[in-house]
Amino acid sequence: MPKLRPLQAGTLVDLDPITPRGLGPRRVRAYVPAPRPARLEDGKRPVLVLFDGQNVFDDAGSFAGGWFAHDAVDKLGRWRPTPPLIVAIDHGHHARIDELTPFSDGRRGGKLDAITDAIVGQLLPRLHARFDLVYGPGGHYIGGASLGGLAALYMHTHRPDVFGGAIAMSPSLWFSRSKVDAFIQAQQNPYRSRVYLDAGAREGSGNTARLVRTLGSHLHARGWGPPADKRDLRVLCEP
């Protein structure tokens, strides 16, 4: 079997910050995968926007170690589909709980709509002006972990006309749980949806995985499932 050539690295760039109303500016960075041979290129790129940008690319500034999302994208370099543009939005440190939750628990939270509006109204138009990206929900995806996972699920279900899917790693479904459950149940099934949910079985004494499985069962009952052309669902609970 012939040896594969080493992967060519992409480029990490700083973008203009977004300024959500009432929250102040948030740093934005993007990883642009390296060009591939013409025979592998599929045209325009999709974009994956990730919350908690301090965690996305490396260990520096991360909470408990970086995700190295750019390395994962580079591993797609030899294969289809076209690797996405990865966009990382930093959280606001002490304001993180407020800005990454859609509803208040009576003491904090409930400002996610300001972040949503800034991503849709400020960030996405800038990205399309600068990069050759797929338009519409078929090219826009949102993701995060913990509170960022909750935020991603909300933004996908709240704006399915913009975001065609969500990656929710260990989502904080416990926060304002009754309001989150009621919101998700009240939304109509989107035309297009790809949802990835995961959790560790020992997170939160097993509560995180239980809530993830419950949400997965609810979505499956409504028509999500693997494999599916329009509504695809993947649920992973790691021991």
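Scroll up a little and you will see the structure.
Residues numbered from 1 in each chain as written. Predicted model: local features only at pLDDT ≥ 70, side-chain atom pairs only at ≥ 80, totals over all residues. Heavy atoms only, no water.

### Comments concerning the packing of aromatic side chains
Scanning the model with the defined rule gives 4 aromatic pairs in all. Ring centres of phenylalanine 103 and tyrosine 154 lie 6.0 Å apart, and the angle between their planes is 85 degrees; on these two criteria the pair is classed as edge-to-face. Within this pair, whereas phenylalanine 103 is found in the loop between helix H3 (96-99) and helix H4 (112-130), its partner tyrosine 154 is found in helix H5 (residues 147-158), the two being separated by 51 residues in sequence. Here the aromatic rings of tryptophan 174 and phenylalanine 175 are separated by 5.7 Å at their centres, their planes lie at 65 degrees, and the arrangement is edge-to-face. Accessibility expressed as a relative area gives 3% for phenylalanine 175, which makes it buried. Ring pairs connect the aromatic residues Phe103, Tyr154 and Phe183, which therefore count as one cluster. The positively charged end of arginine 231 is found above the aromatic ring belonging to tryptophan 224, 5.9 Å away from the centroid. (Phe/Tyr/Trp six-rings, centres within 6.5 Å; stacked < 30°, edge-to-face > 60°. Helix = DSSP H or I, 4+ residues; strand = E, 2+ residues; numbered from the N terminus. Buried < 20%, exposed > 50% of the residue type's maximum accessible area, 1.4 Å probe, protein only. Lys NZ or Arg CZ within 6 Å of the ring centre and 35° of its normal.)

### Thoughts on the packing of helix H6 (residues 177-186) against helix H7 (residues 207-221)
Axis separation between H6 and H7 bottoms out at 12 Å; the angle between their running directions is 20 degrees. Between H6 and H7, the angle falls in the class roughly parallel. Taken as a pair, H6 and H7 cross one another with a handedness that is right-handed. The segment H6 lies against H7, with Arg177, Ile184 and Gln185 engaging Arg210, Leu211, Leu215 and His218. Among the residues making up the contact of H6 with H7, the classes are represented as 3 nonpolar, 2 polar and 2 charged. (Axes fitted to C-alpha atoms, helices over the stretch in contact; angles between N-to-C directions. Parallel < 35°, antiparallel > 145°, perpendicular 65-115°, else oblique. Left-handed = near helix turned anticlockwise from the far one by under 90°. Contact = heavy atoms within 4.5 Å. Nonpolar A, V, L, I, M, F, W, Y, C, P; charged D, E, K, R; others polar.)

### Details of H7
The end-to-end C-alpha distance of H7, which contains 15 residues, comes to 21 Å, matching closely the 21 Å that a straight helix rising 1.5 Å per residue would cover. All buried positions along H7 are accounted for by Thr208, Ala209, Leu211, Val212, Leu215, Gly216 and Leu219. Taken down its axis, H7 places every buried residue within 160 degrees of arc, on the same side. Where H7 is buried, its residues contact H5, H6, strand S7 (193-200) and strand S8 (231-238). Among the residues trailing H7, glycine 223 stands out with phi positive, at a value near 120 degrees. (Expected span 1.5 Å × (residues − 1). Arc of directions from axis to C-beta.)

### Regarding the pattern of salt bridges
Going through the model one piece at a time under the given rule, you end up with 10 salt bridges. A salt bridge links arginine 107 to aspartate 105; its shortest N-O distance comes to 4.0 Å. Judged by its relative accessible area of 67%, arginine 107 falls in the exposed class. Residue classification places aspartate 105 among the partly exposed positions, given a relative accessible area of 33%. Linked through salt bridges whose partners overlap, the residues forming this network are Asp105, Arg107 and Arg108. (Salt bridge = Lys/Arg side-chain N within 4 Å of Asp/Glu carboxyl O.)

Functional significance is not addressed by these values, which are geometric in nature.
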